[in-house]
Amino acid sequence: MAVVVAVAAAPLLSWTQRQRFRLLFGVHIAVPDGLAERPGLRGMVPWLLSAAGRRQLRYHFLAGPLIVLGGTLTLACWVVGAAAATVYLWIWVTPTHWRIDSPGYATKAAYVTVAGVALLYGTGWFAKALARVDTAAARTLLGPSREEQLARRVTDLADSRASVIDAADAERRRIERDLHDGAQQRLVALAVNLGLAKATLGDLSDEARAVIDDAHREAKEAITELGNLVRGLHPAVLEDRGLDAALSGIAARLPVPVRVAVDLPHRPPPTIEAVAYFVVSEALTNVVKHARATRAEVTVEQVGGTLLAVVTDDGVGGAELSTELGAGHGAGHGAEAGAASRGTGMAGLAKRVASVDGTLSCHSPVGGPTVITVELPCVP
Amino acid sequence: MRAVIAEDSVLLRVGVVKVLEAAGFDVCAEVGDAAGLLAAVDEHRPDIAVTDVRMPPGFSDEGVRAALLIRSQHPETAVLLLSQYVEERYAADLLSAYTAGVGYLLKQRVADVEEFAEAARRVAAGGTALDPQVVAQLLVRRHSDPLDRLTPRERVVLELMASGRSNTGIAAELVVSDGAVSKHINNIFAKLDLPRADADHRRVLAVLRFLGVAEQ
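Small disclaimer: the values here were computed from a predicted structure and weren't measured.

Here is what the cut-offs are and how they apply
Residues numbered from 1 in each chain as written. Chains lettered and ligands numbered in written order. Predicted model: local features only at pLDDT ≥ 70, side-chain atom pairs only at ≥ 80, totals over all residues. Heavy atoms only, no water. Salt bridge = Lys/Arg side-chain N within 4 Å of Asp/Glu carboxyl O. Helix = DSSP H or I, 4+ residues; strand = E, 2+ residues; numbered from the N terminus. Buried < 20%, exposed > 50% of the residue type's maximum accessible area, 1.4 Å probe, protein only. UniProt positions renumbered as here; feature names shortened; annotations may be inferred. Contact = heavy atoms within 4.5 Å. Polar contact = N/O pair within 3.5 Å; in protein donor to acceptor, adjacent residues only side chain to side chain. Buried area = accessible area lost by both parts, 1.4 Å probe. Nonpolar A, V, L, I, M, F, W, Y, C, P; charged D, E, K, R; others polar. Expected span 1.5 Å × (residues − 1). Pairing = 2+ DSSP bridges. Axes fitted to C-alpha atoms, helices over the stretch in contact; angles between N-to-C directions. Phe/Tyr/Trp six-rings, centres within 6.5 Å; stacked < 30°, edge-to-face > 60°. Lys NZ or Arg CZ within 6 Å of the ring centre and 35° of its normal.

A. Highlighting the pattern of salt bridges. Residues and elements named next belong to chain A. In total, this model carries 21 salt bridges over all chains according to the counting rule given. Across the pair Asp214 and Arg217 runs a salt bridge, and its minimum N-O distance is 3.0 Å. Of the two residues, Asp214 and Arg217 both sit in helix α8 (residues 206-233), three residues apart, roughly one turn of that helix. The partly exposed category is assigned to Arg217, whose relative accessible area is 45%. Each of Asp169, Arg172, Arg173 and Glu239 takes part in a single network of salt bridges with overlapping partners.

Below, the structure is given as C-alpha cells:
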C-alpha cells in the first residue's frame, strides 16, 4: 500500500525536488521530453512506463533515501562536532564533583576539542560532496537523459539552421524584388525613351544619332545583365510557377541544347525548391563553361521522401567533387577547369546541398559523360 | 486603333504610351493594376490591351489572369503582355486558350520602337506576337526529338514563324526572298506532318500545337 502511494506521489515528489534544487542550489532541472510536469491520474500509466518516469522513481526510492540518510548523518556530525569542539565550555558548566570523578580530564578534553574541530571541518566537506552527489543524481535521474539532451540539442540546432537558411532565402527574394521593381524598371524606361528618341527625332546629326544608338544599346545590355543577375538570386517565376518553369527558362538561354523533364506530384517546400533550382542552374552553367558538351539533360523527380535531380552531359568529363568539402577545395568541371573555378564550383554546390541535409554526387570519368546527382529531403 | 495600358511603373507606362502613340495608337486609358485594367477595358472596349504581367497587389501573374479574362469577356479586344522576364508558362496559359489576338513580349522589346509598334499592330489586328525567348523556351522543352530533323535554317524560320511573323516579315529578317521562305516553311510542314493552312495565325496555331502549347 505504501509503495502504491509512493509511486502515485512520485510525479509530485519530482516536482517538489525540482523546486528544491531551484531554490536551494539555483540548479534548473528540466522536465524530460514527453513527460507532463505533473501528470493527472490518467497520465500515470504512461508516466510509469516511460524510461524517464522509471528513472524518477529510482531517484525517489534509492537516491532520495540514501541522501536523506546522508543528510541525517551530516546533521549528527555537526551536532557531535559542535559539542566536542566546545568541550571546555561544557567543563565549566558541569558541576565540580563530576569533573573530579574523571582524572586527567583536561588532556582528554583537549583531544576531544581537536577531534571536534576536525569533525566540523570534515562535515563541511562531506555536506558539500553530498550536495554535489545529490545534484548529479537528480540531474541524471530527474532530468532528461544524456541522449535526450543531445537529441534536444540536435533538434534546436536543426531548427536554428533551417531558420538561417530560410532567412537567407527570404533575403534573396527581397533583393530580387527590389531590383526587379526598382532598378530594372527604370532601366527599361530609359531604354524605351532612348528608343523613342531614336525613332522620332528625325533631324539629328550623325554624331548625335551615334551617341543615342550607343546609349540605347548600353541600356538594353544593362537590362539583360541585370536580368541574369536577378535570376541567379531567386527568379520570380520559381516562386510563381515552380521548378519546371524556372528550369526550362535557364535551359532555353543556354547555348547547348538542354532537355528538361520535371515530374513532381506537388510543389516541394520553398527552400528545397530554391536549392534545387540553384544547384541545377549552376551545374548547367558548369556544363557550358567547362564540359565541351553538345547536349545536356535535366531530370527532376520525387522518389519517396527525396527530391532527386540528375544533370547529365555528354562532355569531356573529369569533373571532381573534392572530399574535403569543408576546406573548400572542390575541383571545377571538366578537363579544362582552370584555377579560377577551383574551390567554388562543385564544392560550393555540395555545401549548398548539405545545408538542407541533402547529398550531391558526381560521376565523371575522364572522357565523359558526367552525371551529377542531387538528393534533397522533401517530405511529401 | 485604340489601346489601354496597365503598368504599375509610372516611368515605363509613360514610355509605352509614347511608343504606342508614335505607332498611331489612340491610348484611351492608362492604369496601374489589373482591376483598373479590367474596368478600363469594360469602359473603352479598345482594340488592344497592353499589360504588365506582374502588378499590384500580389506582384505575381495578375496580368496573365486579367488578359485571360479580357479575351473571354471581350473577344474583340486583343491583349499584349509585357514582362520583365519571359516565361513560356505564362504564354502557354494564354495560347492554350487563345491563339489569335495575343502577344507576349519582354519589356525591353518596347525599346526597339519600330519592332514593338509592328508587333502591337499585328496583335491588335488579330495576329500573334511571341518573344523570341518564349519560342526558344518552347523549342527547348517540348518534343525536342522531331525538331532534330530540321536544318538549322529551318529551325530559325520555325522560330520566327512561331513568334508571329508573316512570310514577308521572315524574308526581311533573314534577308532572303519570299520564295525561299515558303520553301523552308513547306519543308518544315512536311517534316512535322502538319496540314497546310492559309491564314497567318492558323499557321502559328499549327506551330504552337506542335510545340505543345495548344495540345488537343
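B. Here's a closer look at the UniProt feature "modified residue: 4-aspartylphosphate" (unreviewed entry) in chain B. The UniProt feature table records "modified residue: 4-aspartylphosphate" (unreviewed entry) at B:Asp52. In this fold, B:Asp52 is placed in strand β3 (residues 48-52). Each residue touching B:Asp52, except ones within four places of it in the same chain, is listed here: A:Gln185, B:Ala6, B:Glu7, B:Asp8, B:Gly63, B:Leu82, B:Ser83 and B:Lys107. Of note is the side chain of B:Asp52, whose polar atom sits 3.4 Å from the backbone nitrogen of B:Arg54.

C. Layout of the interface of chain A and chain B. Facing 35 residues of chain A, the contacting portion of chain B comprises 36 residues. Between chain A and chain B, the buried area comes to about 3,000 Å², and carbon and sulfur atoms account for 51% of it. By the criterion of area lost to chain B, the three top residues of chain A are A:Gln185, A:Val192 and A:Arg241, representing 19% of everything that side buries. Run the count over chain A and chain B and you get four salt bridges. One salt bridge in this structure joins A:Arg241 and B:Asp93, with 2.9 Å as the shortest N-O distance. Our enumeration of links across chain A and chain B arrives at six residue pairs in polar contact (both at pLDDT 80 or more). Those elements giving two or more residues to the side of chain A that touches chain B turn out to be α7 (146-200), α8, α9 (236-241), α10 (243-253) and β1 (258-263) of chain A. For the side of chain A that touches chain B, the element with the highest residue contribution is α7(A), accounting for 16 residues. A class-by-class count of the residues in the side of chain A that touches chain B yields 14 nonpolar, ten polar and eleven charged.

D. Focus on α8(A). Residues and elements named next belong to chain A. Across its 28 residues, α8 extends 41 Å between first and last C-alpha, which sits within 8% of the 40 Å expected from 1.5 Å per residue. What α8 keeps buried is the set Ile212, His216, Ala219, Ile223, Leu226, Gly227, Val230 and Arg231. Against the buried residues of α8 lie α7, α10 and α11 (270-291).

E. Quick peek at the pairing of strand β4 (residues 359-363) of chain A. Residue and element names in this part refer to chain A. Sheet analysis places β4 next to strand β5 (residues 370-377), joined by five bridges and oriented antiparallel. In the sheet register, Leu360 faces β5, and the bridge partner there is Val374. Connecting β4 to the next strand, β5, in antiparallel fashion are six residues, including Gly367 with a positive phi near 100 degrees.

F. Representation of the pairing of β5(A) in the model. Summarising the sheet, strand β3 (residues 306-313) of chain A and β5(A) pair through eight bridges and their orientation is antiparallel. When the bridges of β5(A) are listed, A:Leu307 appears paired with A:Leu376.

G. Inspection of the sheet that holds strand β2 (residues 296-303) of chain A at higher detail. Residue and element names in this part refer to chain A. If you walk across this open sheet you meet the five strands as β1-β2-β3-β5-β4, and the pairing is mixed. Two strands bound the open sheet, and with one partner strand each, they are β1 and β4. Here the average twist between neighbouring strands, direction ignored, is 10 degrees. Relative to the sheet, α10 contacts β1, β2 and β3, its axis offset from that of β1 by approximately 175 degrees.

H. View of the packing of aromatic side chains. Residue and element names in this part refer to chain A. Inspection of every chain in the model, using the stated rule, returns zero aromatic pairs over all chains. Cation over ring: Arg20 sits above Phe21, and NZ or CZ is 4.7 Å from the ring centre. The positively charged end of Arg352 is found above the aromatic ring belonging to Phe278, 4.3 Å away from the centroid.

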